[in-house]
Amino acid sequence: MSARLSLLALAVLVVAPALLGLVLPPNQAQFWTANILGRALVYGIVALSLTFLATYGGFVSLAQMTLAGIAGYALAILVEGAVPGIVGGLPYAAAVPAALLAATLAGLLVGAIAVRTRDIYLLMITLALAMGVARFAESNIDWFNGYEGIRNVVGPVLFGVPFRDPHLFYYVALAAAAALYAGVLYLVRSPFGLVLQGIRDNPRRVAALGYDVALHRIAAFGVAGFIAGCGGVLTTIYNIGISPGSIGLGASVNILIISVIGGLGHPAGAFVGSLIFAVFDTFAASLYDRDRFNTLIGLVFLGIVLASPDGIVGLVRRLGGLRRPSRAEERPAPRPAETG
């Protein structure tokens, strides 16, 4: 996706709440702002961590929602006002950095465990780690409050406005998503990102050049852990708490689905897929049989994947390529030779 198109998408998202307010009643405009667009942004951030690993590192990890959950649980355990109060006492200004640090360290740990695995083996070991963390949180009462989880994580008050105000939450989520998206694009053009892409394509050649392949892979998981942690903090506030169900198998698979349908070939796919998922997950029950709405969601996602294996972003790229003139057409026609 070009820089111009990215800036255009950002501009549309900035004015989206105002546009929704013009065409919808106030309560419906707020619903779309917070529960569709805002939700798509925060889960898109978590999916961005998976897209970063898959696109530039060649790793498909199912532990990204778990890393987001570690940040969410760290926030809920530390912050003042959560119910039940596990540790508590910390303001959000201190609890949020601690939560991001916990997610980053957990990402480094996952990377260290999975560093020598690839493909299906990497997928399975990250799935095993994700399920282990979810089951541990479900069975631990003292620190995680077991199956019920921790509630009343409502976010701070900024500029006199509660954080869960639909417009404030939306613009904070948009700012975080834009910063992380730009950070990923910058990072992959840095020496670290170029080495990581070289490892994806040919790790032996990169090792022969003197780079530490394992260290770069672990560092990539650490970066992905930080990104997922940002999403985990926002999703915990969005859900007003966290429980084992929000980091279980279903949640982990949803992040994978979001990334695949959006397109693993570009970071923008994470947010495109998240928006599609949020819309269908919200309205599928009213469009189809309430007891079978997951069937409709599955059919839609299956159709997207069959029509475009590289997701919506890949489909847009191909359509753009069809409209773009070929190099032969762009080249000026040769001038006829002059006859004497």
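Residues numbered from 1 in each chain as written. Predicted model: local features only at pLDDT ≥ 70, side-chain atom pairs only at ≥ 80, totals over all residues. Heavy atoms only, no water.

What is the right way to look at the confidence of the model for the chain in this model?
Interpretation of the predicted coordinates at a detailed level should be avoided for regions scoring low in pLDDT. A residue-level look at the chain finds 91% of positions with pLDDT of 70 or above and a mean pLDDT of 87. For the stretch residues 336-340, pLDDT sits under 50, and the model shows zero contacts to residues farther than four places along the chain or on other chains. (pLDDT = per-residue confidence, 0-100. Contact = heavy atoms within 4.5 Å.)

Honestly, the packing of helix 7 (residues 191-201) against helix 9 (residues 213-238) in this entry has me stumped. Any pointers?
The relative placement of two packed helices comes down to the angle between their axes together with the axis-to-axis distance. Interhelical geometry of helix 7 versus helix 9 gives an angle of 110° and a closest axis separation of 10 Å. Between helix 7 and helix 9, the interaxial angle falls into the category roughly perpendicular. Crossing of helix 7 against helix 9: the hand is left-handed. Of the residues in helix 9, those in contact with F192, V195, L196 and I199 of helix 7 are V213, H216, R217, A219 and A220. Taken together, the residues that form the contact of helix 7 with helix 9 break down as seven nonpolar, one polar and one charged. (Axes fitted to C-alpha atoms, helices over the stretch in contact; angles between N-to-C directions. Helix = DSSP H or I, 4+ residues; strand = E, 2+ residues; numbered from the N terminus. Parallel < 35°, antiparallel > 145°, perpendicular 65-115°, else oblique. Left-handed = near helix turned anticlockwise from the far one by under 90°. Nonpolar A, V, L, I, M, F, W, Y, C, P; charged D, E, K, R; others polar.)

Mind showing me how you'd approach the environment of I276 here?
Structurally, I276 can be placed in helix 11 (residues 268-287). Sequence spacing of I276 and L196 is 80 residues, and the spatial spacing of their C-alpha atoms is 30 Å.

I would appreciate a short explanation of the pattern of salt bridges in the present structure.
Note that side chains of opposite charge can pair when their charged atoms are close. The full count for this structure, using the stated rule, is three salt bridges. Of the charged contacts in the structure, one is a salt bridge between R39 and D281, with a shortest N-O distance of 2.5 Å. Of this pair, R39 sits in helix 2 (residues 26-57) while D281 sits in helix 11; the two residues are 242 residues apart in sequence, bridging distant segments of the chain. The exposure class assigned to R39 is buried, which follows from its relative accessible area of 17%. (Salt bridge = Lys/Arg side-chain N within 4 Å of Asp/Glu carboxyl O. Buried < 20%, exposed > 50% of the residue type's maximum accessible area, 1.4 Å probe, protein only.)

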